Amino acid sequence: MKQPIVTLTDALTGSTARILPGFGFNCYSLELIVEGQPHELLWAEEGFASGQRRASGSGIPILFPFPGRIQGTSFHYEGNSYPLHCQQHAGNAIHGFLLDRPWRVTEQSERHVVAEFQASLDDAALLEQWPADFKVTASYTLHNGRLMFSILVENPDTGPLPFGLGLHPYFRVPLGGASADDCVVTAPADGYWELADMIATGEIKPSSQRGKIAGGMPFAEMQFDDVFTKLQYTDGEFTASIHDPDSGRTMKLLFDDPFRECVIYNPPHREAVCLEPYTCVPDAYRLQQQGVDSGHRELAAGMTFAAKMEIWLE
């Protein structure tokens with residue numbers, strides 16, 4: 001069954017964004033108009049708007065209350081075990097609860113939409129799978145050729161809310177040119193987390209051991225499913241890019257420093273590259289218990305957390 005689609009339109013440029021509130025509030029299409037030419041920046045599987053495709057495989061999945069994998073299929077927190085009935089991969093829970101659930105639209109205009117999800121209101125069964133209730137409010141705004149995304153996490157419960165947050169954008173390559181392989185991907189990061197069976201060991205190594213991604217790396221040389229860290233921020237903001245030398249176009253991704261890691265992933269189809277802002281390394285609570293600064297976060301009752309991301313084309 002086809003999902004309801006919210007379409008945002010930027011009257012200044014004619015650019016559009018398409019979002020599925022009923023399927024994780026996923027923005028699965030971003031067509032930006034530059035110098036009169038349309039450019040689709042996001043990759044989505046054919047038929048994704050039906051809501052019947054893999055939720056984590058297209059557009060911009062929102063990953064909460066944990067991004068990436070948690071070892072096993074339960075979350076162990078302060079002596080309690082919570083079974084995680086969500087997506088699984090290789091025997092591990094992955095990517096949280098929200099990426100395939102319906103969100104409630106609370107505000108909408110021609111170029112702006114806001115939606116929210118609260119566990120106790122929208123799926124009370126989640127209260128058995130996580131230590132605290134949570135409310136997440138997200139917005140997309142399309143203006144002057146930019147897609148701006150903001151997100152607010154609130155703890156409406158009486159106890160602490162442990163969480164991590166991630167975004168999983170799939171960016172198309174090439175950007176109007178003839179070859180994806182010639183595109184250059186840049187993500188200024190000085191380190192990456194060592195992984196064993198896709199689970200972080202807690203050790204950080206120099207990013208140079210995984211190639212020249214910090215200074216720019218041809219897509220042809222990239223084969224990543226890695227968590228990069230020690231990101232290089234300017235005034236609290238990090239910028240990654242994809243440059244297509246054939247078309248001369250450059251996609252820019254900006255996010256603020258509440259996101260402290262950047263996952264880079266090449267889907268097997270090689271038609272896209274994922275540049276993913278995360279607030280923490282996957283399975284952050286387990287590492288934090290081992291004395292590792294993993295980015296694990298806890299919100300006290302009544303407290304909030306905010307982050308943002310922007311995408312544009314030059």
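Reading the values: rules and limits
- Residues numbered from 1 in each chain as written.
- Predicted model: local features only at pLDDT ≥ 70, side-chain atom pairs only at ≥ 80, totals over all residues.
- Heavy atoms only, no water.
- Phe/Tyr/Trp six-rings, centres within 6.5 Å; stacked < 30°, edge-to-face > 60°.
- Buried < 20%, exposed > 50% of the residue type's maximum accessible area, 1.4 Å probe, protein only.
- Core = buried A, V, L, I, M, F, W, Y, C linked by side-chain atoms within 4.5 Å.
- Helix = DSSP H or I, 4+ residues; strand = E, 2+ residues; numbered from the N terminus.
- Contact = heavy atoms within 4.5 Å.
- 1 Å grid on protein atoms, 1.4 Å probe; cavity = no way out; pocket = protein on both sides within 12 Å on 5 of 7 lines; lining within 4 Å.
- Points joined across faces, edges and corners; volume = space filled by probe spheres on them.
- Nonpolar A, V, L, I, M, F, W, Y, C, P; charged D, E, K, R; others polar.
- Lys, Arg positive; Asp, Glu negative; His and termini not counted.
- Salt bridge = Lys/Arg side-chain N within 4 Å of Asp/Glu carboxyl O.
- Polar contact = N/O pair within 3.5 Å; in protein donor to acceptor, adjacent residues only side chain to side chain.

Draft legend 1. Structural detail: the packing of aromatic side chains. Inspection of every chain in the model, using the stated rule, returns 23 aromatic pairs. Relative to Tyr-77, the ring of Phe-75 has its centre 5.8 Å away and its plane inclined at 15°; by these criteria the two rings are stacked. Each member of the pair, Phe-75 as well as Tyr-77, carries the same accessibility label: buried. Considering the side-chain rings of Tyr-192 and Phe-228, the 6.3 Å spacing of their centres and the 50° angle between planes classify their relative orientation as tilted.

Draft legend 2. Examining the nonpolar core more closely. Counting 79 residues, the largest nonpolar core has Phe-134, Tyr-140, Ile-242, Met-251, Ile-264 and Ile-311 as the members making the most contacts within it. With 5 residues, strand E28 (residues 304–313) is the largest single contributor of residues to this core. Residue contacts for Met-251: discarding those within four places in its chain leaves Leu-41, Phe-171, Leu-175, Ala-240, Ser-241, Ile-242, Leu-275, Ile-311, Trp-312 and Leu-313. Counting 19 residues, the second largest nonpolar core, distinct from the first, contains Phe-48, Ala-55, Val-227 and Val-263.

Draft legend 3. Up close: the layout of surface pockets. Roughly 370 Å³ of volume is contained in the largest pocket. As for the largest pocket, its lining consists of 21 residues, and the residues nearest its centre are Arg-69, Ile-94, His-95, His-168 and Asp-225. Of all elements in the fold, only strand E9 (88–89), strand E22 (225–231), strand E25 (261–265) and strand E26 (272–278) reach the threshold of two or more residues within the lining of the largest pocket. Residue contributions to the lining of the largest pocket peak at 3 residues, all from E22. For the lining of the largest pocket, the per-class residue count stands at 9 nonpolar, 7 polar and 5 charged.

Draft legend 4. Geometry of the side chain of Asp-256. If you trace the backbone, Asp-256 turns up in strand E24 (residues 249–256). Within the buried set, Asp-256 has no salt-bridge partner at all; the shortest N-O distance to an opposite charge, 5.5 Å, is to Lys-308. In this structure the side chain of Asp-256 is engaged in a polar contact, spanning 3.1 Å, whose partner is the backbone nitrogen of Lys-308. Apart from the residues within four sequence positions on either side, Asp-256 is in contact with Tyr-233, Gly-236, Glu-237, Ala-307 and Lys-308.

Draft legend 5. Just the pattern of salt bridges, in detail. As enumerated under the stated definition, the model contains 14 salt bridges in all. Glu-45 serves as the salt-bridge partner of Arg-53, at 3.7 Å between the closest nitrogen and oxygen. Given the relative accessible area of 33%, Arg-53 is considered partly exposed. The closest approach of N and O atoms between Glu-237 and Lys-308, which form a salt bridge, is 3.1 Å. On the criterion of sequence distance, the pair formed by Glu-237 in strand E23 (residues 237–244) and Lys-308 in strand E28 is long-range, its members being 71 residues apart. Among the residues examined, Glu-237 registers a relative accessible area of 27% and is labelled partly exposed. A residue is classified by how much of its surface remains accessible, and Lys-308, at 30% relative accessible area, is partly exposed. Connected through salt bridges with shared partners, the residues Arg-104, Glu-116, Asp-122 and Lys-135 form a single ionic network.

Draft legend 6. Inspection of unusual backbone geometry at higher detail. Of note, the bond from Phe-64 into Pro-65 is cis; its omega dihedral lies within 30 degrees of zero at 5°. Summarising the element assignment, Pro-65 is placed in the loop between strand E5 (62–63) and strand E6 (69–70). Cis geometry marks the peptide bond from Val-173 to Pro-174; its omega dihedral reads 0°. Along the chain, Pro-174 falls in the loop between strand E17 (170–172) and strand E18 (184–186).

Draft legend 7. Expanded view of empty space enclosed by the protein. Applying the stated criterion across every chain, the model contains 1 cavity of 30 Å³ or more. Lining the largest cavity are 14 residues; nearest its centre among them are Pro-65, Phe-66, Ala-284, Tyr-285 and His-296. Secondary-structure elements contributing two or more residues to the lining of the largest cavity are strand E15 (161–163) and helix H2 (284–289). Residues of the lining of the largest cavity, tallied by class, amount to 11 nonpolar, 2 polar and 1 charged.

Draft legend 8. How the structure looks around the environment of Gly-51. Here Gly-51 is to be found in the loop between strand E4 (37–40) and E5. In the structure, Gly-51 is positioned 50 residues away from Arg-101 in sequence and 9.9 Å away in space, judged by C-alpha atoms. Once you skip the residues sitting within four places of it in the chain, Gly-51 turns out to touch Gln-3 and Phe-23.

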